[in-house]
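Secondary and tertiary structure notes
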Amino acid sequence: MSYRALWVKWILRDLRSRWIQVILISFVIAIGTGTYSGLSSTTSWRLKSNDASFSKTNMHDFKVYSQTGNLFQEGKIREVLAPLVKNGLITGIEERLSLPTQIKAEGINGAIIAPGLLVGIDKSKGAPQIDKLHLTEGDWGNYDTGSKIDYAVLDHTFAETNGIPNSSIIELPGNKKIKVSGTGLTPQHFIPINDSGLGFGGVFAIVYMPLEKVQHIRNQEGKTSESLITISDPENPENLKTELKLLLQQSFPNYGIGIEGKKEDRVYKLLYEGADADQKFYHVIGIAILLGAVFAAFNLTVRVVQSQRREIGIGMAMGASLLSLAARPIILGINISILGTIFGIFVGKLINGAMRNVLIQELPLPIWLTPFEPKYFLWVGIGGFLAPIIATLVPVIFGLNIQPVEAIRTGHLAPIRKGLSPLLSRLPLPGNTFWQMPFRNLLRTPRRTFLTMLGIAGVIGVMTSVLGMVDSFTLTLDKATSESSIKESPRIEVVFNSFQPVDAAIFTYLKDKQGVSKIQPVIQFAGTAKSKDANNSDIKINLLTTIIDFQNTMWTPTLVSGKYPEEHNEILISSAAAKSLEVTSGDQVLVNHPIITVQGSPGFLETQFTISGIHPHPFRAYSYMVPSQTKKSGMYGLAGGVWIQTDQSADLDNIQTDLYSIAGVSSVRESGINDRAMKEELKGQMDILKIVQFIVLFLALLIAFNTASINMDDRAREHATIMAFGLPVSKIMLMSIIESATLGLLASIAGLGIGFLLLDYFINTVFASALPEIGMYLAVSTATYATTIILGVFAVGIAPIFAIRKLTKADIPSSLRILE
Amino acid sequence: MALIELSNISKIYDTGSVTVKALDKVTLSIEEGEFVVVLGPSGCGKTTMLNLIGALDTPSRGTVTIGGFDLSTGNRSSLSRIRRNTVSFVFQSFNLFPGLTAEENVQFGLDVSGNKSEYTAANVLADVGLENRSTHFPHELSGGEQQRVAIARALATSNPILLADEPTGELDFETGKQILKLLVSQANMNRAVLVVSHNREIAQIADRVIQLSSGQIISDGPPIDGKKDVDSLRW
């Protein structure tokens, strides 16, 4: 046999004897690289899919609307903008009538009454040309049969979430029955959003009908609420926007003309900013898992190669070339690298598949482009490929840099240990030698213990942060629920089509209604707020302000600081709003709020308010003022809605249905509807977290098992000696479990620290930008602490059990004679 | 009945293509207080015999009886018990636990056998002359010191059979003599001491010398030139 053939044979033998370790370490790397690339791909998918979806539906470049809620005469805006159409600056105009509504439908779980938007679409050209409706099922309905039935296309998400079948009948206020002819999506409502700025997937309904049908149903013949415009130069819209504003303000002086560019659209922003936030979130999660995995793989590979230290020494003593000596361990490393890369692609594809399902479920865009993204795999793949090779090189270089005699030496002649080892080895420990041994093993190799612990801690840290996010979501939801609810019975919030005098007959009617115990007229309006402090004045947030009597006995918000508003220029804001605006009780804010002028026309006014106090509801937009404020805003003596508290024995559904049929009522909803929406919003995040949770748990187990398996190999002689002294396998296993569990405990404690830092980043940085309207509370529950510690200790602790075969099948005499 | 009885034992290693007969129909018995040296060239079956007596291995044929217990009838648990309470090992390469100090290694012997005597690990260590090295870790000890710790660990069990596999194999002459004195003293304390060696000099201090060749006993009896004192040894 030639010299080269001998080495090849030897290398093959190495691989054969270590194939399980090679495969398992490859898997550790694969999970790291695969998870990173799998998670990171979603950002690219989202951006590509957003672009394709907005392009396919020809999203508007501008939306013209009235900030005061005035309706336009159909064709009037088109007429005003005709010169711009003529000179080619505007390429298309379509008018719509979008009005708040309420729908009643039969879903898979029974009757649903939900708030929503009734959208009348211009179908004069057969179908809308701007903000096209992407039909996911059915069609616009057949109006040619002479049937008196009206048809509507229902928002895809709402229909899907609630299981509302095509061809079912839905009901709009005023007992208006409509047949669902299809389901679909338009770009403004890819994510259905209500006034609070939250995506309301399953609890906010968008109903699309032909424009004239909506005008007829809502008695707004010839009226529109907005115009959608496309322009010839969408890349440079600013000049045209200024021109449009001037032109329209001249023609509609009391309308408070609003012109919203495509990039200002809330859904558009949410989708792109969401992708950006995803990138931060997945990047950190992916990096943390990747680092944990690569670090663990590095550590494990080093340990595997270190076991060849003496053989390298013998080879050196016999004059073998350095290259041939290095070849065996390096080829082992290359094998791990190659397998890790191949497995990584599979793991990446697997995670891609899981993420694809979650994304398509949570964000139903018309087009989803979800290709495998090699660019995200490339860099981490290179890192994952190099790690085991470097890991093999380190001990090899050290091995080759010492005198052969040192490498060969064993037992009492082996190199003296340095560093912390001598110090830690002398730590006095209680108990007999059996129970000391696991701890002694950890202490005598502090660097190895620390590195192994760090690898597992990184993974546990990710798990802690993931569990902490679930805790934080839960706490946020709990805060919202406890803040919104009334202990005795639910509160029903009724919204009118228009302001009503507080002495109107409807209030007397509602007060006397059977099952109603109390009523509270309210005014609710949308506005914005910014800090008066010049340094923060560029931060502007949405407000949803409710004017209530704080002396009412039905419900008042709770206070986390300050006091309730008493004067007309005081406002109670949420802690999330205070955080965003960087203000606190007693500070000033500038609020842009609606007014009704003495002439009776609506408008907006910027007023300075003092923050009287702060409430804990997580919705940033929620704010409260006192009724005396309405004297300043021209709304004194009016109410836009009413809160109703029912008797405990009352049938809530019946009352809601009754209220729903009253003329002038625009919507009827339970007070917790926004909390349910928030739950829906967070559900998507939780689904993704579950995937991450599964990955990290699996990775922690894999690292722990690998560590235990290598420990078993390293300790073969020690275990054989113990067995030679008559200790049973069960006791040795127990000692190994104690050692592993101690490592797991240390890793869990370190992991909790890492996890808390990650969680803080996710909640206060990533989610703060991804879900700005929700003030997330950061929480790590006792259950999470306990779960992390128990899982860390348990998962890592039980790992040696998987290697028990090595003990039971150990050849004691042979192991005793192992010299290394 | 003798403390150790081997009756017609054979040990065959079958590696697939090759069958190796390590021991072939060996029969012998060893009494309490006997100092027995097993001699023979490499591969003659010395260590295999030691492993069988120590319940580390099982014979292919024949029976091994230790303290009246037939090892062939034992299960994993009962074999562990024999190793725990009847035999003690001293290995050629010491096999000390690197994470435990000298005294703790000896303490391990006490702990494992459940020896409740008032004789402490420190006492045993003093017996082998290492009382001033008790807090040292194995890597801080010389080869001879390590072997003495290994013997102390075996002695700490107070088990009636002491098996030593080439106990002086890795040691210099003077250190080797110290170790042999220790072993002889154990036989004088009524322990059966079985030493495996290829060093013919050592055989001179034995009560009985068993010579093995190709797995068979070729001679069994006192040293040809009579039993000598350890101090008279030269190699």
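Predicted model, so just to flag it, every value in this text is computed and none were measured. (Residues numbered from 1 in each chain as written. Chains lettered and ligands numbered in written order. Predicted model: local features only at pLDDT ≥ 70, side-chain atom pairs only at ≥ 80, totals over all residues.)

1. Observations regarding the overall build of chain B
- When helices and strands are tallied, chain B shows seven helices and ten strands.
- Scored against the burial criterion, the 235 residues of chain B give a buried share of 51%.
- Within chain B, counting contacts between residues at least 6 apart in sequence, those at least 24 apart form 70% of the total. (Helix = DSSP H or I, 4+ residues; strand = E, 2+ residues; numbered from the N terminus. Buried ≥ 20, exposed ≤ 12 C-beta atoms within 10 Å, placed from the backbone. Contact = placed C-beta atoms within 7 Å.)

2. What about the overall build of chain A?
- On a plain count of helices and strands, chain A comes out with 25 helices and 22 strands.
- Across the 820 residues of chain A, 48% fall into the buried class.
- At a minimum sequence separation of 6, the contacts of chain A that also span at least 24 residues come to 85%.

3. Considering the sheet that holds strand β5 (residues 69–70) of chain B
All names here are of chain B.
- Taken in spatial order, the four strands line up as β2-β1-β4-β5 in an open sheet, and their pairing is antiparallel. Edge positions in the sheet fall to β2 (19–30) and β5, since each of these pairs with one other strand and no more.
- Sheet analysis places strand β1 (residues 4–14) next to strand β4 (residues 61–66), joined by five bridges and oriented antiparallel. Paired with leucine 6 across the bridge in β4 is valine 64. (Pairing = 2+ DSSP bridges.)

4. A look at the nonpolar core
- In terms of nonpolar packing, the biggest core is built from 262 residues, with A:Val28, A:Ile289, A:Leu699 and A:Ala700 touching the most fellow members.
- Take this core: its biggest share by element is 22 residues, from helix α8 (residues 266–306) of chain A. (Core = buried A, V, L, I, M, F, W, Y, C linked by C-beta atoms within 7 Å.)

5. Topic: the pairing of strand β21 (residues 638–646) of chain A
Residues and elements named next belong to chain A.
- The buried count for β21 comes to eight of nine residues, which makes it a mostly enclosed element.
- The sheet contact formed by strand β13 (residues 491–501) and β21 spans seven bridges and is antiparallel. Bridge pairing in β21 places isoleucine 492 opposite isoleucine 644.
- Where strand β14 (residues 516–531) meets β21, six bridges bridge the pair, whose relative direction is antiparallel. In the strand pairing of β21, lysine 518 is matched with glutamine 645.

6. Focus: the sheet that holds strand β6 (residues 87–90) of chain B
Residues and elements named next belong to chain B.
- A sheet is described by the order of its strands in space; here six strands give the open sequence β6-β7-β8-β3-β9-β10, paired in mixed fashion. The open sheet has two free edges, formed respectively by β6 and β10 (216–221), since each of these has just one partner strand. Strand-to-strand twist across the sheet, computed as the mean angle between neighbouring axes with direction ignored, equals 20 degrees.
- As defined by bridge partners, strand β9 (residues 208–213) adjoins β10 across five bridges and the pair is classed as antiparallel. Across the sheet, residue glutamine 211 finds its bridge partner in β10, namely serine 219.
- In the packing of helix α6 (residues 173–188) onto the sheet, the strands contacted are β3 (35–39), β7 (161–165) and β8 (192–197), and the crossing angle to β8 comes to about 150 degrees. (Axes fitted to C-alpha atoms, helices over the stretch in contact; angles between N-to-C directions.)

7. Description of unusual backbone geometry
All names here are of chain B.
- Positioned with a positive phi, asparagine 8 is a non-glycine residue whose angle comes to about 55 degrees.
- On the secondary structure map, asparagine 8 appears in strand β1.
- Among the residues examined, asparagine 8 registers 12 C-beta atoms within 10 Å and is labelled exposed.
- Phi angles above zero are rare outside glycine, and serine 214 is one such case at about 50 degrees.
- For serine 214, the location among the structural elements is in the loop between β9 and β10.

8. Here's the deal with the interface of chain A and chain B
- Contacts between the two partners involve 26 residues from chain A, matched on the other side by 31 residues from chain B.
- Elements that contribute at least two residues to the side of chain A that touches chain B include exactly α14 (433–444), α21 (716–724) and α25 (812–816) of chain A.
- With seven residues, the single largest contributor to the side of chain A that touches chain B is α14(A).
- Considered class by class, the residues forming the side of chain A that touches chain B number twelve nonpolar, nine polar and five charged. (Nonpolar A, V, L, I, M, F, W, Y, C, P; charged D, E, K, R; others polar.)

9. Some details on helix α2 (residues 76–85) of chain B
- Taken residue by residue, α2(B) has B:Leu79, B:Ser80, B:Ile82 and B:Arg83 as its buried positions. All buried residues of α2(B) project into a common sector of 155 degrees when viewed along the axis, lining one side.
- Contacts made by the buried residues of α2(B) are with α21 of chain A together with β4, β5 and β6 of chain B. (Arc of directions from axis to C-beta.)

10. A closer look at the confidence of the model for chain B
- A residue-level look at chain B finds 100% of positions with pLDDT of 70 or above and a mean pLDDT of 88.
- Two summary scores accompany this predicted model of the complex, namely pTM at 0.68 and ipTM at 0.73. (pLDDT = per-residue confidence, 0-100.)

11. Here's the deal with the pairing of β14(A)
Residue and element names in this part refer to chain A.
- Pairing analysis gives eight bridges linking β14 to strand β15 (residues 540–547), with the strands arranged antiparallel. The residue bridging glycine 527 from the neighbouring strand is leucine 543, located in β15.
- Pairing geometry for β14 and strand β18 (residues 588–596), over four bridges, is antiparallel. Within β18, the position partnered with serine 531 by the bridge is valine 589.

12. Here we look at the packing of helix α22 (residues 729–770) of chain A against helix α23 (residues 782–802) of chain A
Residue and element names in this part refer to chain A.
- Direction vectors running N to C along α22 and α23 enclose 145 degrees, while the axes themselves pass 7 Å from each other. Like other packed secondary-structure pairs, α22 and α23 cross with a definite hand, here right-handed. Residues Met733, Ser736, Ile737, Ser740, Ala741, Leu743, Gly744, Leu745, Ala747, Ser748, Gly751 and Leu752 of α22 pack against Tyr785, Thr788, Ile789, Gly792, Val793, Ala795, Val796, Gly797, Ile798, Ala799, Pro800 and Ile801 of α23.
- Residue composition of the contact of α22 with α23, by class: 16 nonpolar, eight polar and no charged. (Left-handed = near helix turned anticlockwise from the far one by under 90°.)

13. Side note on the packing of α14(A) against helix α3 (residues 102–113) of chain B
- Where α14(A) contacts α3(B), the axes come no closer than 9 Å and their chain directions differ by 140 degrees. One element, α14(A), and the other, α3(B), form an angle in the oblique class. Judged by residue contacts, A:Thr433, A:Phe434 and A:Gln436 of α14(A) engage B:Glu104, B:Gln107, B:Phe108 and B:Asp111 from α3(B).
- Grouping the constituent residues of the contact of α14(A) with α3(B) by class yields two nonpolar, three polar and two charged. (Parallel < 35°, antiparallel > 145°, perpendicular 65-115°, else oblique.)

14. Topic: the environment of A:Ile548
Residues and elements named next belong to chain A.
- Structurally, the position occupied by isoleucine 548 is in the loop between β15 and β16 (561–562).
- Classification of isoleucine 548 as buried rests on a count of 24 C-beta atoms within 10 Å.
- A C-alpha to C-alpha distance of 9.7 Å links isoleucine 548 and serine 628, two positions 80 residues apart in sequence.

15. Observations concerning the environment of B:Leu50
- Inspection of the secondary structure assignment puts B:Leu50 in helix α1 (residues 46–53).
- Placed 144 residues apart in sequence, B:Leu50 and B:Leu194 show a C-alpha to C-alpha distance of 8.1 Å.

16. Some remarks on the confidence of the model for chain A
- Put simply, chain A has an average pLDDT of 82, and 90% of its residues get 70 or more.
- Contacts for the low-pLDDT stretch residues 411–416 of chain A, under 50 throughout, to residues beyond four places or in other chains number 13 contacts.

17. A word on the environment of A:Arg715
Residues and elements named next belong to chain A.
- Counting through the fold element by element, arginine 715 comes out in the loop between α20 (673–714) and α21.
- Classification of arginine 715 as buried rests on a count of 22 C-beta atoms within 10 Å.
- For the pair formed by arginine 715 and serine 736, sequence separation is 21 residues and the distance between their alpha carbons is 10.0 Å.

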